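Analysis of the macromolecular model
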Amino acid sequence: MTILDGGAAPTDLVKEGSDQGFMADVVEASREQPVIVDFWAPWCGPCRQLGPPLEKAVRDAGGKVKLVKINIDEHPGVAGQLGVRSIPAVYAFDQGRPIDGFMGALPESQIRLFVDRLGGADMTAEIEPLLAQAAESLKLGDVGGAAQGYAAVLQLDPENVKAIAGMARIALN
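About the criteria used
Residues numbered from 1 in each chain as written. Predicted model: local features only at pLDDT ≥ 70, side-chain atom pairs only at ≥ 80, totals over all residues. Heavy atoms only, no water. Pairing = 2+ DSSP bridges. Helix = DSSP H or I, 4+ residues; strand = E, 2+ residues; numbered from the N terminus. Axes fitted to C-alpha atoms, helices over the stretch in contact; angles between N-to-C directions. Contact = heavy atoms within 4.5 Å. Expected span 1.5 Å × (residues − 1). Buried < 20%, exposed > 50% of the residue type's maximum accessible area, 1.4 Å probe, protein only. Arc of directions from axis to C-beta. Polar contact = N/O pair within 3.5 Å; in protein donor to acceptor, adjacent residues only side chain to side chain. Core = buried A, V, L, I, M, F, W, Y, C linked by side-chain atoms within 4.5 Å. Parallel < 35°, antiparallel > 145°, perpendicular 65-115°, else oblique. Left-handed = near helix turned anticlockwise from the far one by under 90°. Nonpolar A, V, L, I, M, F, W, Y, C, P; charged D, E, K, R; others polar.

Moving on to the sheet that holds strand β2 (residues 35-40). Sheet architecture is open: five strands sit in the order β1-β3-β2-β4-β5, paired in mixed fashion. Strand pairing shows two members of the sheet lacking a second neighbour, β1 (14-16) and β5 (97-103), which therefore form its edges. Averaged over all pairs of adjacent strands, the angle between strand axes in this sheet comes to 20°, irrespective of strand direction. As judged from the six bridges shared by β2 and strand β3 (residues 66-71), these two strands associate in the parallel manner. Within the sheet, the bridge partner assigned to Trp-40 lies in β3 and is Asn-71. Strand contacts of helix α3 (residues 45-60): β1, β2, β3, β4 (89-94) and β5, with the helix running at about 160° to β3, the strand carrying the most contacts.

Looking now at helix α8 (residues 161-172). The end-to-end C-alpha separation of α8 is 16 Å, in line with the 16 Å expected for twelve residues at 1.5 Å each. Looking only at α8, the buried set comprises Ala-163, Gly-166 and Ile-170. The buried residues of α8 occupy an angular sector of 60° when projected down its axis, which confines them to one face. Opposite the buried face of α8, by more than 90 degrees, sit the exposed residues Val-161, Ala-171 and Leu-172. Between a side-chain oxygen at the N-terminus of α8 and the backbone nitrogen of Lys-162 the separation is 3.1 Å; the capping residue is Asn-160.

Attention shifts here to the nonpolar core. Phe-22, Val-26, Val-37, Phe-39, Val-84 and Ile-87 are the most contacted members of the largest nonpolar core, which has 20 residues in total. In terms of residue count, the dominant contributor to this core is β2 (four residues). Contacts of Val-26, omitting those with residues within four sequence positions, involve Gly-21, Val-35, Val-37, Val-68 and Phe-93. Ranked by size, the runner-up nonpolar core spans 17 residues in total, among them Leu-54, Ala-61, Ala-92 and Ile-111.

Relative to each other, α3 and helix α5 (residues 108-118) sit at 40°, their axes nearing to 9 Å. What the angle tells us is that α3 and α5 run oblique. In the packing of α3 onto α5, the handedness of the crossing is right-handed. Residue-level contacts link Leu-50, Pro-53, Leu-54, Lys-56, Ala-57, Val-58 and Asp-60 of α3 to Glu-108, Ile-111, Arg-112 and Val-115 of α5. Split into classes, the residues belonging to the contact of α3 with α5 amount to seven nonpolar, no polar and four charged.

Next comes the structure, spelled out in structure tokens:
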């Protein structure tokens, strides 16, 4: 997307943040659209692995989410207030408050799902195969595999009735 076709310029979607700018760049901005905060440091290998795919996923979301990268060596205040103990640490803010997050480097597919979910993407294409796999696992007696499948669905859609019912079936066994 470009400014010409009505979208945000890519440089507006990813920015370097600071303790001083956190309220404006993250908390206030998250009232308009979800904002992802990536706490990182230059010496952190997993941070260097996570950064590029996270930035790419945010840009590919076409302006539905923003990313603020905070170097904790230069700006340790907010990370300390949020209780960040290890990096990379990623928090998603919506309506001024943290709503989701993860620690450590993730595979690009999981990063993309995280960003897409925050951006309000329709997750049906990802959910249906997981539900089918979980149901098949349950039918074959693989309770652990079924639980993993239903749990994965609930991460994407916490109110998914089929996954809730599947977990209830597992609990009753």
